[in-house]
Amino acid sequence: MVNGSGTHRVLLVLCLALGAGAGASADTGVVAAERLRTEYHSNPLGIDQIQPRLSWIVRSDEPGQRQSAYRVLVASTPELLAADTGDLWDTGRVESSQTAQIVYGGSELGSRARCFWKVQAWDHQGRPSPWSEAASWSMGLLDDADWSASYITHEDKSPVFKKTKQLYLPPANQFRKAFTAGKQVKKATLYATALGIYELYLNGKRVGDAYFAPGWSDYNQRAYYQTYDVSELVGDGDNALGIWLAEGWYSGYVGFGLLTGIGTEKTGRATYGKTPSVMAQLEIEYTDGSRETIGTDDSWRVTSDGPIRAADLLMGEEYDATRENSAWSTAGFDATPWGPAILAEDVPAADATFYEFVNPKKHGERPKVKGRPVKLGFKRPRLEAFPGNPVRVTEEIEPIRVLPRPNGAYIFDLGQNFAGVIRLKVKGPAGHRIGLRYGEMLHPDGRLMTENLRKARAQDAYLCKGDPAGETYTPRFTFHGFQYVEVTGLLAPPQPSAVTGLVLHSDTPMVSTFECSDPMVNKLFSNIRWTQRSNFIDLPTDCPQRDERMGWTGDAQIYVNAATYNADVAAFFTKWMRELMESQRPSGVFPGYAPYPFQHGWDFGSAWCDAGVICPWTIWQAYGDTRIIEECWGPMTVYMDWRRSTLKNGLGITQGNPWGDWLSQGARTPFDYIDTVYAAQSARMMSEMAAAIGRQTEAEEYARLLDRVKASFIKKYVGEDGTLGIETQTAYALALSVDLVPEELRPLVATKLADKIVDNGARMSTGFIGTRPLLPVLSATGNNDLAAFLLQSHEFPSWGYEIDQGATSIWERWDSYTREDGFGRHNAAMNSFSHYSFGAVCEWMFGDLAGIRSDGPGYERIIIRPQPPAPGSNGDHEPIDWVRASYDSIRGPIKSAWSLKEGRFELRVQIPTNTTATVILPAADEASITVDGKAIDSVQGVSLVSLDNGQAAIAVPSGAYRFVSTNAVPAATRTFSAKP
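Description of the structure in this document. (Residues numbered from 1 in each chain as written. Predicted model: local features only at pLDDT ≥ 70, side-chain atom pairs only at ≥ 80, totals over all residues. Heavy atoms only, no water.)

### Examining the packing of aromatic side chains
Aromatic ring pairs: the centre-centre distance and the angle between the two ring planes describe each pair.
Link 1 in the chain: Counted according to the given criterion, the structure contains 63 aromatic pairs.
Link 2 in the chain: An angle of 35° between the planes, with centres 5.4 Å apart, marks the rings of Y319 and Y473 as tilted. On the criterion of sequence distance, the pair formed by Y319 in strand β20 (residues 316–320) and Y473 in strand β33 (residues 471–473) is long-range, its members being 154 residues apart. For the pair formed by Y319 and Y473, the shared burial category is buried.
Link 3 in the chain: Geometrically, the ring pair formed by F536 and Y836 is edge-to-face, given 5.9 Å between the ring centres and 80° between the ring planes. Of the two residues, F536 is situated in strand β37 (residues 536–537) and Y836 in the loop between α16 (799–804) and α17 (842–850); the sequence distance between them amounts to 300 residues. Both residues of the pair, F536 and Y836, count as buried.
Link 4 in the chain: One aromatic cluster in this structure is built from F256, W552, Y593, Y596, F598, W608 and W659.
Link 5 in the chain: Positioned above the aromatic ring of Y355, the side-chain terminus of K266 is 4.8 Å from the ring centre. (Phe/Tyr/Trp six-rings, centres within 6.5 Å; stacked < 30°, edge-to-face > 60°. Helix = DSSP H or I, 4+ residues; strand = E, 2+ residues; numbered from the N terminus. Buried < 20%, exposed > 50% of the residue type's maximum accessible area, 1.4 Å probe, protein only. Lys NZ or Arg CZ within 6 Å of the ring centre and 35° of its normal.)

Now the structure itself:
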């Protein structure tokens with residue numbers, strides 16, 4: 001999905017100029033509607049939601065303001081919108097405070113429809129705002145009949161590749177078509193998709209800025225397409241359209257297939273097909289009203305002899321600049337030596353064997369690899385408009401040092417572990433080869449550490465063209481996870497500027513800030529954000545460096561709530577939910593990763609499979625999005641049927657992939673215990689989601705399922721003294737988090753959890769599954785000081801420990817590298833230095849330490865409840881005594897900034913217009929609290945709701961406020977230390 005340009009942009013500017021103030025009342029209100037979006041995007045092109053959802057925020061400088069009503073106009077032209085005519089939809093005045101998830105209810109929208117819209121809001125006194133600035137969207141191609149183009153490819157006579165000891169890295173292909181625009185062009189729109197990954201060029205210029213389009217899906221079921229406004233690129237007269245096509249996820253190397261001997265011929269490549277293909281359709285509208293379409297067909301020309309000699313997402317790219325011809329996508333280029341394009345449907349299917357694990361039929365047996373015959377041929381998938389965020393270069397990084405190596409190589413240290421590519425600047429004679437290798441770490445002797453790449457070669461190469469002025473190269477069909485780049489073949493010692501890091505990730509807008517008094521925690525927040533960016537590349541991957549880069553469901557469900565704090569991930573997860581739902585196995589279970597190219601081990605793992613419920617629930621909570629519930633409802637209910645069928649006496653299953661509490665520290669929590677907890681959690685979430693979409697009967701059914709599982713859990717695991725049958729930190733944290741403990745026993749269970757941590761040297765023993773709920777549970781059960789201590793700890797295992805070892809991102813293992821032992825503590829191949837699961841602590845940093853939470857779905861009501869650690873509670877470090885955090889929610893920016901000094905607690909908050917908040921802060925009594933220097937009851941709209949157990953709850957309307965509470969936080973009654 002690409003923002004508008006060209007004529008579309010000109011018309012939009014006209015609309016802004018003419019429509020911004022139209023219709024304003026003389027008695028203008030004090031609210032303004034801003035940040036208009038359609039399906040979470042600004043001015044998207046080519047969407048296929050026939051009833052798209054609209055959203056905006058309202059702003060006002062006046063405290064306590066809200067939107068009492070709105071009016072939306074949607075017009076088919078900017079001119080009509082400027083004249084306040086909504087010929088497609090005019091809601092009239094709607095009495096409502098809603099600003100998000102407003103479902104379009106106007107005239108039926110067909111393919112290619114262009115829609116321009118604006119909003120007027122009324123404040124709570126009933127005064128209208130001026131009209132907002134205009135926004136727009138366009139519809140894509142909604143019917144298969146709208147596509148006159150065909151998938152095309154090159155003539156591929158190569159046999160199915162079967163070798164597992166060597167790589168097969170074919171060149172990328174170039175396609176082109178010359179055409180004439182015989183009249184004056186009014187508008188030109190280009191639609192494109194591929195079974196593979198593509199880049200478009202028109203008259204020598206790149207179309208769009210996305211990488212890896214159209215994105216990864218199960219190509220046997222569905223592929224995405226993108227829409228581009230190319231009005232400014234099509235000229236009167238002769239033109240040419242060019243396409244680069246590489247294998248991508250379709251037929252290139254995917255995941256750990258080669259490592260584990262699964263996939264097509266055990267190579268891990270050609271997962272969906274053998275030969276990539278592309279389809280593009282350029283539609284030109286002339287000023288005289290006539291139209292012309294140029295689509296891919298067998299009249300196009302193709303070559304495999306271009307400069308990209310190899311292009312693979314995992315293995316890397318090789319570029320031979322001596323083969324380069326910059327005019328290849330221009331009108332005057334002679335493509336006579338090129339061959340004719342082949343219709344993909346005409347390419348004969350090739351016979352092959354596909355190997356993967358299959359579930360055993362008998363209980364207690366392990367999955368085994370089996371082969372089945374497949375036909376590697378063209379299958380036309382269902383097409384859908386890409387709903388997510390394009391992968392883009394979002395930042396450039398300069399090296400902090402250049403390290404010469406004894407073999408004549410140079411290692412460029414970019415100072416930050418990230419995902420992306422580089423821009424290389426070199427000089428050399430024609431044909432001179434420059435080699436590029438990538439790594440996240442260096443060995444103690446300065447060598448590049450590549451063991452953890454496993455079968456991912458992750459190498460690029462550039463052959464110079466001999467330009468005496470120098471040349472520049474950037475890979476386009478691969479990406480790497482790295483901090484260090486080793487460059488070989490340089491003819492002279494390089495300057496640092498020879499290499500620039502280009503940060504790639506799905507362009508999810510970053511929406512938060514966090515800073516506190518502990519520099520280590522600030523570094524942790526930076527590491528979390530970098531790791532999220534590195535792994536949100538079209539889908540939430542596990543790691544960007546080694547031969548996986550797959551959408552692991554366990555990691556995603558653990559981290560999804562933290563992700564919503566860091567970035568606007570609504571569209572990103574909307575896209576990935578389609579992959580997850582379509583990956584559902586025939587049994588109804590959701591697998592360990594999505595898309596699901598092949599089965600490795602069992603087809604599910606407990607807690608991993610529950611991502612199919614947890615992720616939609618979390619997106620609903622963060623964005624008030626009930627459509628994601630409705631779209632996932634069918635697969636989710638099928639999954640819950642599977643869950644019911646596997647329960648035995650209300651308890652969880654005992655078999656499946658044994659990931660469990662992955663990477664726990666010497667404390668194993670049984671598979672069936674974890675499965676029971678997650679069965680209860682999924683039942684609760686399903687009940688809540690059913691109620692949210694009006695399915696009351698199902699809500700009650702899932703509530704009964706929850707009661708059944710909870711009763712069975714209590715009977716088997718909960719002792720009368722608060723002891724659980726499973727004596728691990730994870731077991732206690734999970735039981736408390738999912739509320740599986742009788743209310744009267746919660747304090748006892750919580751105390752036992754805290755004691756377990758203290759008895760373990762005030763250290764965690766939890767893995768992926770247990771660490772995520774650990775700190776939130778501690779804070780919720782009166783052990784906030786211990787939670788804060790764990791956050792600030794530097795002792796193994798802890799976030800501070802890996803930062804002390806040099807981490808610039810979140811590691812898969814706390815001690816993947818240590819300054820004492822190097823990489824020697826673990827199998828080096830299993831050391832990912834960019835793995836976000838343990839970064840889920842960010843959820844606690846915002847929700848508890850800064851205290852920003854939504855009170856119900858979508859931040860219409862907000863809770864601000866910061867929980868500062870008590871002075872003196874941390875025997876190893878100064879407890880955090882100030883925090884400044886912000887979160888730009890779907891309803892506008894929220895801020896929480898507190899400081900604690902000598903018992904005086906000061907809190908500054910910002911609550912978005914059109915929302916309300918409950919502010920909860922430590923206080924001895926009402927008299928000790930002031931709001932903006934005044935007593936609570938003297939500030940308009942502010943009122944004390946309750947004062948219990950040293951906590952004051954204060955109702956607050958929108959606006960900015962400063963709270964001061966004296967004698968608020970007593971000294972700690974307990975001091976924690978993890979130092980030996």
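### Things to note about helix α8 (residues 611–623)
Link 1 in the chain: For α8, with 13 residues, the first-to-last C-alpha span of 18 Å sits near the 18 Å given by 1.5 Å per residue.
Link 2 in the chain: All buried positions along α8 are accounted for by A611, G612, V613, I614, C615, P616, W617, T618, I619, W620, A622 and Y623.
Link 3 in the chain: Looking at the buried side of α8, the elements it contacts are α6 (553–566), α7 (570–582), α9 (627–646) and α10 (671–692). (Expected span 1.5 Å × (residues − 1). Contact = heavy atoms within 4.5 Å.)

### Digging into unusual backbone geometry
One can expect most non-glycine residues to show negative phi and most peptide bonds to be in trans.
Link 1 in the chain: The omega angle of the peptide bond from A213 to P214 is 10°, so this bond is cis rather than trans.
Link 2 in the chain: Along the chain, the position of P214 falls in the loop between β12 (205–207) and β13 (222–229).
Link 3 in the chain: In this structure, D932 takes a positive phi of about 55° despite not being glycine.
Link 4 in the chain: Following the sequence through the fold, D932 ends up in the loop between β44 (929–931) and β45 (943–948).

### A word on α6
Link 1 in the chain: The end-to-end C-alpha distance of α6 is 19 Å, a good match for the 20 Å that 14 residues give at a rise of 1.5 Å each.
Link 2 in the chain: Where α6 bends most, the angle comes to about 55°, and this point is V560.
Link 3 in the chain: Counting buried positions along α6 gives 13 out of 14 residues, so the element sits mostly inside the fold. (Bend = angle between axes of the 7 residues up to and from the residue.)

### Some words on the sheet that holds strand β3 (residues 69–75)
Link 1 in the chain: Judged by pairing direction, the sheet is antiparallel, and its 4 strands sit side by side in the order β4-β3-β6-β7 without closing on themselves. A strand with exactly one partner marks an edge of an open sheet, and here the two such strands are β4 (89–90) and β7 (135–138).
Link 2 in the chain: Direction of pairing for β3 relative to strand β6 (residues 114–122): antiparallel, over a ladder of 7 bridges. Paired with V74 across the two strands is W117, which belongs to β6. (Pairing = 2+ DSSP bridges.)

### A look at the sheet that holds strand β15 (residues 263–264)
Link 1 in the chain: If you walk across this open sheet you meet the 3 strands as β15-β23-β24, and the pairing is antiparallel. A strand with exactly one partner marks an edge of an open sheet, and here the two such strands are β15 and β24 (368–376).
Link 2 in the chain: Here strand β23 (residues 350–358) runs beside β24; their pairing, made up of 9 bridges, is antiparallel. Bridging from a neighbouring strand, F354 pairs with R372 of β24.

### Focus: the environment of A711
Link 1 in the chain: By the secondary structure assignment, A711 is in helix α11 (residues 696–717).
Link 2 in the chain: The spacing of A711 and H443 is 268 residues in sequence and 53 Å in space, taken between C-alpha atoms.

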